[in-house]
Each structure stands twice: as structure tokens, then as C-alpha cells.
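Notes for the structure review
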Amino acid sequence: MLHLTAGHVGGLLSRRGVAAFSSSNVKMASHGHGEVTEQADMSVPMYWDRLDTPLPDRPYKDTLSSADKSLKQKEKGPWNNLSKEEKLACWYFFLIRSSVYRMTFKESFAEMKKPTGEWKTVVGGIFFFIGFTGLVVLWQRYYVYPPHPRTLDEEWQAMQVKRMLDMKVNPVEGFSAKWDYEKGQWK
């Protein structure tokens with residue numbers, strides 16, 4: 001069970017809770033480090049580009065300049081009402097379309113679907129850690145583990161097989177059953 005004394009509760013409130021209880025400001029000190037951080041207000045709609053939600057809750061630009069406002073007015077009206085000079089200047093017509101689009105969205109679907117190349121970093125990190133692990137295993141083999149026991153040497157194993165055959169170990173179905181004692185070779 002967690003027991004808080006009055007002194008602990010008072011200290012907790014004085015250090016962390018006073019800023020939250022005494023003012024409605026969204027800025028507060030970050031864990032006593034003296035820095036003031038800005039907290040996002042999660043009650044207002046947020047903007048983000050996502051493929052699964054194509055229409056965000058709010059436009060990309062909240063505050064519009066006077067040029068942006070005039071473009072927005074031209075967007076609301078029929079685009080056939082543009083002057084002949086504006087229609088002839090294709091780059092200007094495209095500029096109106098793209099800047100109006102950029103006021104509402106930060107990225108297009110093609111820009112969102114564009115590969116980032118992050119897989120290269122992931123694969124590189126995987127290979128780095130595999131290589132580092134191999135070096136650690138090699139270092140342990142030479143400096144940590146004891147040398148191989150003599151029972152793993154080929155000479156020792158040959159002597160052990162000869163000894164087992166001389167003792168006729170498991171002669172019915174096992175090791176000695178596969179040895180021809182008259183010819184001196186394996187069956």
C-alpha cells in the first residue's frame with residue numbers, strides 16, 4: 001500500500017501541483033528543471049497528414065495573409081471568371097491552384113506515399129548489431145570460455161571407440177552390433 005504523509009502531500013502539491021491549480025496557463029515548468037515548456041491544447045482540432053484520414057480537422061494554415069485571402073476569394077468564385085491574362089498565364093493559374101491547395105494541406109497524396117528510404121537505416125542498424133554481436137561472441141570464445149576439453153580431440157575419440165568395441169558395449173542393437181569383429185571393420 002502507498003501511504004502518503006501530510007508532509008509528502010504538501011511537498012508534492014507545492015512542487016508540481018501549484019502551477020496547475022493556481023493558474024490556467026498552459027505553460028508550466030518541466031519537472032523542476034527551470035525550463036518552461038508549451039503544452040499542446042488537445043481540445044482543439046489538430047492538423048496532420050495521414051493517408052487513412054484524407055481530410056484533417058482543420059486547414060494547414062490558420063492565419064492567412066492578405067494575398068492568401070484574395071486567392072481564397074478567387075477560389076470560391078467560378079474559375080471561368082478569371083481574366084484572359086490570368087487564363088493565358090498558365091503558371092499563374094497553376095500557382096493559384098497550388099497555393100490554395102497548400103493553404104489547406106501540407107502534403108499531397110503523392111508526397112505522403114513517396115518512399116522515405118527509412119528501410120535503409122533499419123537494415124543498416126540490424127546489420128550493425130548483428131556484426132557487433134558476432135564480435136562479442138568471438139571475444140568471448142577467445143578470452144572468456146575455457147579451452148576445449150581433451151575429450152573432443154579426434155585421437156581421444158578414436159581411443160574411446162576402440163575401448164567401447166573392446167568392451168562390447170550394447171552388442172544386441174547398439175554400438176557393438178554394428179562392428180564386425182572377425183573382419184575388424186564396420187558392417
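Just so it is clear, the model here is predicted, and its values are computed rather than measured.

With that settled, the discussion passes to the overall build of the protein chain. Broken down by element type, the protein chain carries seven helices and four strands. N-terminal to C-terminal, the α/β element order of the protein chain is α-β-β-α-α-α-α-α-α-β-β. Evaluated residue by residue, the protein chain yields a buried proportion of 10% over its 187 residues. When the accessible surface of the protein chain is totalled, it reaches about 16,400 Å², and 61% of it is carbon and sulfur.

As a further point, take the UniProt feature "transmembrane region" (unreviewed entry) in the protein chain. Here the UniProt-annotated "transmembrane region" (unreviewed entry) positions come out as residues 122–142. Helix makes up 100% of residues 122–142 and strand 0%, with an end-to-end C-alpha separation of 31 Å.

Our focus in this paragraph is the pattern of salt bridges. Throughout the structure, instances matching the rule amount to two salt bridges. In this structure, the salt-bridge partner of Asp52 is Arg50, at a minimum N-O distance of 2.6 Å. Residue classification places Arg50 among the partly exposed residues on the basis of a relative accessible area of 39%. As a salt-bridge pair, Lys162 and Asp166 come within 3.3 Å of each other at their nearest N and O atoms. Residue Lys162 and its partner Asp166 are both found in helix α7 (residues 154–167); the two are separated by four residues, about one turn of the helix. Neither residue differs from the other here; Lys162 and Asp166 are each classed as exposed.

Quick look at the side chain of Ser176 now. Tracing the backbone through its elements, the reader meets Ser176 in the loop between α7 and β3 (179–180). We classify Ser176 as buried; its relative accessible area is 3%. Every residue in contact with Ser176, bar those within four places of it in the chain, is listed here: Met164, Leu165, Lys168, Val169, Asn170, Pro171 and Tyr181.

With that out of the way, let us pick up the packing of aromatic side chains. In this description, an aromatic ring pair is defined by two values, namely the gap between the centres and the angle between the planes. Going through the model one piece at a time under the given rule, you end up with four aromatic pairs. Ring centres of Phe128 and Phe129 lie 5.3 Å apart, and the angle between their planes is 75°; on these two criteria the pair is classed as edge-to-face. Per residue, the accessibility class of Phe128 equals that of Phe129, and both read exposed. Ring centres of Phe175 and Trp186 lie 5.5 Å apart, and the angle between their planes is 75°; on these two criteria the pair is classed as edge-to-face. Taken together, the residues span a long stretch of sequence, with Phe175 in the loop between α7 and β3 and Trp186 in strand β4 (residues 185–186) at a distance of eleven residues. A relative accessible area of 45% means that Trp186 is categorised as partly exposed. A network of ring pairs unites the aromatic residues Phe175, Trp179 and Trp186 as a single cluster. Just above the ring of Tyr181 sits the side chain of Lys168; from NZ or CZ to the centre is 5.1 Å.

Rules used throughout
Residues numbered from 1 in each chain as written. Predicted model: local features only at pLDDT ≥ 70, side-chain atom pairs only at ≥ 80, totals over all residues. Heavy atoms only, no water. Helix = DSSP H or I, 4+ residues; strand = E, 2+ residues; numbered from the N terminus. Buried < 20%, exposed > 50% of the residue type's maximum accessible area, 1.4 Å probe, protein only. Areas by Shrake-Rupley, 256 points an atom, 1.4 Å probe, with all protein chains shown as cover. UniProt positions renumbered as here; feature names shortened; annotations may be inferred. Salt bridge = Lys/Arg side-chain N within 4 Å of Asp/Glu carboxyl O. Contact = heavy atoms within 4.5 Å. Phe/Tyr/Trp six-rings, centres within 6.5 Å; stacked < 30°, edge-to-face > 60°. Lys NZ or Arg CZ within 6 Å of the ring centre and 35° of its normal.

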